[in-house]
Each structure stands twice: as structure tokens, then as C-alpha cells.
Amino acid sequence: MTFDEARRVLDEADLLMGEEEIQGAIGRMAGEITGRLAGSNPVVLCIMNGGLIFSGQLLPRLHFPLELDYVHATRYGQATWGDRLNWHRRPHLNLVGRTVLLLDDILDEGITLAAIIEYCRGMGALEVLTAVLVEKLHSRKVTPGIRADFTGLEIGDRFLFGYGLDYKGYWRNAPGIFAVKGM
Ligand SMILES: O=P(O)(O)OC[C@H]1O[C@H](OP(=O)(O)OP(=O)(O)O)[C@H](O)[C@@H]1O
């Protein structure tokens, strides 16, 4: 996608969730996560790249001790459909006996979260919880009914960008959650 095309994508997109709604959702999630995890000395894993902005805004609102690490695993690349999960970076912290909280921008088909949960369990985590800024509502989930433990916003079945979500590599920095025109 060229720079000019990227500009046009944002100009023509539909804004589905604005900053105020997103900040409200992140604040509510911070309260819920604090209630559940404040005493558990968790390892928090940001799932890169999409989880970056959500993690950066949520973490300063968690006022309890935790350790932070990240994983980098992708299955969409620059496409609007997902393939098999490619691991680029596994966590470096030891997960044995730890409560793990995974942070990601979106639960779409759920394949990414399911695979990372399984990996963390395999590495000896005591429990693995998940928090996503957005859950996309449709019937293509890897396991019917799969949910995150903490969900910020529920959005319909469109191709989304902004707040960490990219369209062809662009607009992770868009200040809201947008849907690509016609998708
Ligand atoms: O529920 P799923 O259908 O598995 O999709 C969700 C995943 O897709 C995106 O990652 P992507 O593979 O695009 O990599 P990115 O984080 O670098 O954007 C997103 O950040 C989630 O990790």
C-alpha cells in the first residue's frame, strides 16, 4: 500500500469506537483485572505487534506488582485473512508456577490466543488469563464460544484498524477503532 493509499483508507473508513469509549473500556478492564490478579504476582505478556498500544495504555492503570515480557507471533501479516501462526519471539521469563496474563488487541478467530495459551501451559504456567481490547463477533471461532477473560469492546464482523490493529501494515497508530470501507 502506498502512502497516499494509506491516507485514503483512513479518510474513507468508518469510525466504530472513538477515544472516549476506548479509554472507558480500558479503565473498566483495569478495574476487573486488578480485582482478579492484584495478589497473584503475574507475568504479563504483550502479544506483539497488535497488543502494543493496548498494553501501553492498560499497564499504567494496574497498580500492583507484576513482571512484563512479550511474545511476537503473527498469522495475518499484511493480509486480511489469517494463516498458521508464526512465532518470532517466545517469552524470556520463566513461566513455571506463574499466573500469566496475555494482552492482545483483538480476539478474531481465536487461533492466536489459543496457541499462546497452550504454549504458556506447556511452559508450566499455573494459570493463563487473557485480556483483549476488542472481540470480533462472528461464528468462525476456532472453538465455538471461545472468549477472553477480560474483553474491552465487542465489534461486528468488519476488517478493523487503529489502536494497534493494522490494515496492510498501516494505521496501528489511528486514534480510534475504524473499519475499512467495504470490508
Ligand atoms: O484471533 P485471530 O484470528 O488469531 O487473530 C488475532 C490476532 O491477529 C492479529 O495479529 P497479526 O497476526 O495480524 O499480527 P500483528 O499483531 O503483528 O498485527 C492480532 O494482533 C491478534 O494477535
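Residues numbered from 1 in each chain as written. Predicted model: local features only at pLDDT ≥ 70, side-chain atom pairs only at ≥ 80, totals over all residues. Heavy atoms only, no water.

A. Helix α2 (residues 19-37), seen in detail. In this model, α2 (19 residues) spans 26 Å end to end at C-alpha, consistent with the 27 Å of a helix rising 1.5 Å per residue. Along α2, the positions that sit buried rather than exposed are I22, A25, I26, M29, A30, I33 and L37. Down the axis of α2, the smallest arc covering the buried residues is 145 degrees, so these residues share one side. Exposed side of α2, more than 90 degrees from the buried face: E20 and G35 are the residues found there. As for α2, its buried residues are in contact with β1 (14-17), α3 (52-58), β5 (99-107), β6 (127-136), β7 (150-155) and β9 (177-179). (Helix = DSSP H or I, 4+ residues; strand = E, 2+ residues; numbered from the N terminus. Expected span 1.5 Å × (residues − 1). Buried < 20%, exposed > 50% of the residue type's maximum accessible area, 1.4 Å probe, protein only. Arc of directions from axis to C-beta. Contact = heavy atoms within 4.5 Å.)

B. Broad picture of the UniProt feature "domain: Phosphoribosyltransferase" (unreviewed entry) in the chain. Residues annotated in UniProt with the feature "domain: Phosphoribosyltransferase" (unreviewed entry) correspond here to residues 24-143. Between the end C-alpha atoms of residues 24-143 the distance is 29 Å, and the span holds 28% helix and 31% strand. (UniProt positions renumbered as here; feature names shortened; annotations may be inferred.)

C. View of helix α4 (residues 111-122). With 12 residues, α4 ought to run about 16 Å at 1.5 Å a step, and its terminal C-alpha atoms sit 16 Å apart, in line with that. Among the residues of α4, T112, L113, I116, I117, Y119 and C120 are the ones counted as buried. For α4, the angular spread of buried residues about the axis comes to 160 degrees, placing them on one side. Exposed side of α4, more than 90 degrees from the buried face: E118, R121 and G122 are the residues found there. Where α4 is buried, its residues touch β2 (43-48), β3 (67-74), β4 (86-89), β5 and β6.

D. Here's a closer look at the sheet that holds β5. Strand order in this open sheet of six strands is β4-β3-β2-β5-β6-β7, and the pairing throughout is mixed. Because the sheet does not close on itself, it has two edges, and the strands there are β4 and β7. Ignoring strand direction, the axes of neighbouring strands in this sheet form an average angle of 25 degrees. Relative to β4, β3 runs antiparallel, the two sharing three bridges. (Pairing = 2+ DSSP bridges. Axes fitted to C-alpha atoms, helices over the stretch in contact; angles between N-to-C directions.)

E. Seen up close, the pairing of β3. Where β2 lies against β3, six bridges are found, and the strand directions are parallel. Residue pairing for β3: L45 is matched across the bridge by D69. Between the parallel elements β2 and β3, the chain passes through α3 in a crossover that is right-handed. (Right-handed = clockwise from strand over helix to strand, strands pointing away.)

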